[in-house]
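Chain by chain, the residues run as shown.
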Amino acid sequence: TEPVPSSRRATMAELRRARHVVVVGGGMVAHRLVEALRQRDTGTSHRITVFAEEPRLPYDRVALTSYFSGRDPQDLSLGDPDLWNDPAVNLRKGVQVTAIDTTAKTVTTARGEQVAYDELVLATGSSAFIPPVKNNDAQGCFVYRTIDDVAALRVYVERLKSEGKQVNGVVVGGGLLGLEAAGALRALGAATKVVEFAPRLMPLQVDEGGGSALARLIEGLDVDVLTATQCQRVKLTSQGAARAMAVADGPDLPADVVVFATGVRPRDDLGRAAGLQLGERGGVVVDEACRTSVPGVWAIGEVACIEGRVWGLIAPGYTMAEIVADRLLGGEATFPGADTSTKLKLLGVDVASFGDAFGATEGALDIVYADPVAGVYKKLVLSDDARTLLGGILVGDASAYSGLRPMVGRELGADPAAFLLPEGAAPVQLELPDDAPVCSCNNVSAGTIRCAVRDEGCADVKSVCGRTKAGSSCGSCLPIVKNLVNAELTKAGVEVSKALCEHFTLSRAELFDVVRVTGLRTFSEIVERHGSGRGCDICKPVVGSILASLDPAGHVLEGERAALQDTNDHVMANLQKDGTYSVVPRIPGGEITPDGLITIGEVARDFGLYTKITGGQRVDLFGARIEQLPAIWKRLVDAGFESGHAYGKALRTVKSCVGSTWCRYGVQDSVGMAIALELRYRGLRSPHKLKLGVSGCARECAEARGKDVGVIATEKGWNLYVGGNGGMTPRHAELLASDLTDEELFRAVDRFLMYYIRTGDRLQRTSVWIRELEGGLDHVRDVVLNDSLGIAADLDAAMALHVDSYVDEWQATLNDPAKLARFVSFVNAPDQPDADLRYVVERNQP
Amino acid sequence: MSVIAVGSTTVCAYDVLLPERGAAALLGDVQIALFRTHAGEVFAIGNQDPFSGANVMSRGIVGSRGEVPTVASPMFKQVFDLRTGVCLDDPEVVLPVYPVEVIEGQVVVAALSDGLARADGSARADGLARTR
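Residues numbered from 1 in each chain as written. Chains lettered and ligands numbered in written order. Predicted model: local features only at pLDDT ≥ 70, side-chain atom pairs only at ≥ 80, totals over all residues.

**Here's the deal with helix α16 (residues 594-607) of chain A**
Residue and element names in this part refer to chain A.
- Helix length check: α16 (14 residues) gives 20 Å between terminal C-alpha atoms against 20 Å at 1.5 Å per residue, within 8%.
- When we look at burial in α16, the residues that qualify are Ile600, Val603 and Ala604. One face of α16 carries all of its buried residues, which in axial projection span an arc of 95°. For α16, the exposed residues lying more than 90 degrees away from the buried face are Pro594, Asp595, Ile598, Glu602, Arg605 and Asp606.
- The elements touched by buried residues of α16 are β31 (610-613), β32 (619-624) and α17 (629-638).
- Where α16 terminates, the next one or two residues include Gly608, which has phi positive at roughly 65°. (Helix = DSSP H or I, 4+ residues; strand = E, 2+ residues; numbered from the N terminus. Expected span 1.5 Å × (residues − 1). Buried ≥ 20, exposed ≤ 12 C-beta atoms within 10 Å, placed from the backbone. Arc of directions from axis to C-beta. Contact = placed C-beta atoms within 7 Å.)

Okay, here's the thing in structure tokens:
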């Protein structure tokens, strides 16, 4: 990725001259305002103070539910955290503003400070609206708005569960937020009911047909749905905690937990007290430039009442933030109207709604495709001549959303019905006009993306997103960004090639399939039939890896296969900068006997090797010359050690904490599991190196979520996380499955790894592989747990073959004089050391 | 490469060389890298990788680029023309090449590199990449 050039840091003199912008509120919209202002205000004419009530950086409230899928609150962070280190930006976390004086131009904080402003921006957002249901503040009643709300809900449900109760949850409200909350409750293991007052779910986004399709899909996921139902009273236990929900016309619903998700109300108290004009139904009234009724005071986001309405969506809020940034710098931006398009995955169900979804335009025509069996409902709203797209609703399959939404208000230019057919039935190619919005979160048009490719040298999706910010918020537009980028590259004559190298036009995954299906097992046959030339340092190791996966019994140095290996695999050690190698014996799970340690120490001492503990809980011995490797390994193998494959694109280590054997907190035997996993997957070749970790409890001392496969013990078994890594772009692994037994865990990891090995690109870590797979983690979960591709038996068999045919490749080498003959310094002076290698002792080591 | 310089060295049997895999050899104090291609040709170039200074060229992956037989340095993967020693990724960098012939099943290498390569190759034998 091309780094986005960071703006020059402001000098003290500039800061003293700068106008002071005070932002009240530290949510997503405030973040966007600060980001936009700092980006464009190159001369630092403004400095900014943000008062955030929550004691944390602004975070992605839209993704709040992911807090339950095992993600860190940190993963919800927005944009580049460096923004808050900018000397022109002062973020006051955990500080509430209690009053505004628009005459004196000051704000007063809860701590009694008075802070003067030149420009004041209200971005106080909204608060959850709690309907007048009796006992709505009892213990066990929650709202769903902030990280703290969500954390409190989680703690409460987990406490009830730990008391051995089956937890019943009722979500009041069947809108967007309510379904999010239902997903969260269900993820926590509560029996979940959604109660909606309107006659259908998501009444603001979908019509009756969409609502009933949605209800069917959600009920299929064990979430009960009650529509047209009014909640009346929370019934309490003798201790005063929620026990049941009484509804009009029906029996009580058991409810140990109640979540109110019935909409939000603008937090306009400050504006009201300061005498700002308010809307009829609340909100600080602003004009098309986001100015309030008092000069020098602006309002943006969910607190602002613009064009007579308050918008509870992120896209209009971002638009308002951009407008104020522009206006403060002397621009003329005005509000173009709110884009209310929504695309969500609720409980795994796709829902999208865009444009005039209800056909409110005069003469509007509907085209509807409904398949109750497949659980799909799609509707397009067209102009009276059936040519111009006005809006639409997609439930169950929203794959057409990213292509259709930018076409709102434009002629479709194709048979509208073609857009509604099941996925893959009729691929429709749309040529988006340059001014068509692609990313509505960040207001990026098709033209901007084309320009980034054409004129700014961006050559892939990642760099385009980095430069334009497209797709960096909700990500729903990424498929269309990818299409635009590829189309533009093709136009520019840049071939968008998946080709491995000049010798193979196939990608690694395609080549894998070819080799698997054809049964070819030598490079010469493969390159002759499916490639050209004699290969190179790119394709040869790839073929070597593919053959290792498909024919695991074959040795890396067997026959022609030897010529495919990079030097590391060829000598089964890691090349260092001077041409010597490092040696890493396998220490499964990091468990080692005193005798084992002594052997390693003696070998290092006797061969003069520099010794270092690795991050993967083993020992690395550096400075071995090629001709020394067999003697070193003879000693190690005799003592029971095996190759650690530190040199391979292969399983490296399974790191573990000490677990329940010793630890006061451990709930499972993490070392035992780590050893079992390491012995199962040792020697497994893959597109890139593979690291695993096992932690014995949620404290996660093995840092398993920094691994490709992370296993964390629970009271009931193991949680499985996938797609983590350290390195240059660290990623936390994400939850794939919970509470697995040992056997379920092995099976899931078997399939995950084998699926990755078959479809991963060359040198693609699991994190990137998952991200670039169509459908991402959900798709992987479907393949691994539900066998959605029907290949599970095949993956299982492939892994069984690997496990059964494993032999230590160093031991096999030591037993074969022909293989040992390679380990010479010079073919005509086999034992003569390379004269250029000499070491000096430093810190008591060579 | 039909002319073998005086003082040529028999290094090893041809069969010792594995197809598309290199071997290091000594010509006196000079380290060379021998390669046998898939087609059966034998090439000899300097063993010192000019980019890292390590004596590792013999451990690179042998292949082709277009019609050119190549070896990739195992250190940082620059690709060299086995026939001329020229680095295809950075043509300013050239490895010494040595005349080599297979005579009665034995690989015979001239003790000194040929004229062109010696002119700058011998100057480079102890040093790092030097550009022309």
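**Looking at the nonpolar core**
- Core analysis: the biggest nonpolar cluster contains 79 residues, and Ala25(B), Ile32(B), Leu34(B), Ala44(B), Ile45(B) and Val109(B) have the highest contact counts within it.
- Looking at this core, the element that brings in the most residues is helix α14 (residues 539-550) of chain A, giving 6 residues.
- Residue contributions to this core reach at least three from each of two domains, namely domain 3 (508-565) and domain 4 (566-648 + 816-846) of chain A.
- Contacts of Ala44(B), omitting those with residues within four sequence positions, involve Ile32(B), Leu34(B), Val97(B), Tyr98(B), Val100(B) and Val109(B).
- With 71 residues, the next largest nonpolar core counts Val157(A), Ala190(A), Leu346(A) and Leu394(A) among its residues. (Core = buried A, V, L, I, M, F, W, Y, C linked by C-beta atoms within 7 Å. Domains from an automatic or database assignment.)

**What to know about the packing of helix α10 (residues 461-468) of chain A against helix α11 (residues 478-491) of chain A**
Residue and element names in this part refer to chain A.
- As a packed pair, α10 and α11 sit with axes 10 Å apart at the nearest point and diverge in direction by 110°. Regarding the angle of α10 to α11, the classification is roughly perpendicular. Only Val481, Lys482 and Val485 of α11 make contact with α10, whose side of the interface consists of Val461, Val464 and Cys465.
- Across the contact of α10 with α11, the residue classes break down as 5 nonpolar, no polar and 1 charged. (Axes fitted to C-alpha atoms, helices over the stretch in contact; angles between N-to-C directions. Parallel < 35°, antiparallel > 145°, perpendicular 65-115°, else oblique. Nonpolar A, V, L, I, M, F, W, Y, C, P; charged D, E, K, R; others polar.)

**Points about the interface of chain A and chain B**
- Contacts between the two partners involve 23 residues from chain A, matched on the other side by 27 residues from chain B.
- Residue composition of the side of chain A that touches chain B, by class: 7 nonpolar, 7 polar and 9 charged.

**What about the packing of helix α2 (residues 28-40) of chain A against helix α7 (residues 314-328) of chain A?**
All names here are of chain A.
- In contact at an axis separation of 8 Å, α2 and α7 are set at 35° when each is read in the N-to-C sense. Here α2 runs over α7; the crossing is right-handed. Across the interface between the two elements, Met28, Val29, Arg32, Leu33, Ala36, Leu37 and Arg40 from α2 touch Ile314, Gly317, Tyr318, Met320, Ala321, Glu322, Val324, Ala325 and Leu328 from α7.
- Partitioned by chemical class, the residues of the contact of α2 with α7 number 12 nonpolar, 1 polar and 3 charged. (Left-handed = near helix turned anticlockwise from the far one by under 90°.)

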